[in-house]
Amino acid sequence: MTTTQTTTPTSFDIRSSSLVAELRRDQCQCGNAKKAGRPFCLPCFRTLPASVQNGLYRRIGRGYERARQRAQDYFS
Ligand SMILES: [Zn+2]
């Protein structure tokens, strides 16, 4: 790929289609099982600050993306 777009430091894909796919998975980014519809397993979720946790209860398009991005910063 020779596209010259600025990339984020992490490989995290913020597109909503990817976020939906992530929510549908039953495996957390850490490898643990998680509930479908949740972005993370409970241990991962609990490591996040409350402000990020609250954002993750938002819907995609209503602030979820930003919270998910911030969560990625904590895990990376
Ligand atoms: Zn996890």
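Starting afresh in each chain, residues are numbered from 1 along the sequence in its written order. Per-residue local features are limited, in this predicted model, to residues with pLDDT of at least 70; the limit for side-chain atom pairs, both in listing and counting, is 80 or more; totals at the level of whole chains, interfaces and linings are taken over all residues.

## Notes on the overall build of the chain
Link 1 in the chain: Strands are runs of DSSP state E lasting at least 2 residues, helices are runs of H or I lasting at least 4, and numbering of each runs from the N terminus. Regarding its fold elements, the chain presents 4 helices and 0 strands.
Link 2 in the chain: Listed N to C, the secondary structure of the chain is α-α-α-α in terms of helices and strands.
Link 3 in the chain: A residue is called partly exposed when the number of other C-beta atoms within 10 Å of its own lies between 12 and 20, exposed at 12 or fewer, and buried at 20 or more, with C-beta atoms placed from the backbone. A buried classification covers 9% of the 76 residues belonging to the chain.
Link 4 in the chain: Residue pairs in contact within the chain that sit at least 24 positions apart in sequence constitute 31% of those at least 6 positions apart. Note that contacts rest on C-beta atoms placed from the backbone: two residues are in contact if these are within 7 Å.

## Brief notes about the environment of Phe 75
Link 1 in the chain: Here Phe 75 lies in helix 4 (residues 64–75).
Link 2 in the chain: You can call Phe 75 partly exposed: it has 14 C-beta atoms within 10 Å.
Link 3 in the chain: Along the backbone, Phe 75 and Thr 47 are 28 residues apart, and their C-alpha atoms lie at a distance of 8.9 Å.

## Brief notes about the environment of Gly 31
Link 1 in the chain: Mapped onto the elements, Gly 31 comes out in the loop between helix 1 (16–24) and helix 2 (42–47).
Link 2 in the chain: Gly 31 gets classed as exposed once you count the C-beta atoms within 10 Å, which come to 8.
Link 3 in the chain: C-alpha of Gly 31 to C-alpha of Cys 41: the two residues are 10 residues apart in sequence and 9.0 Å apart in space.

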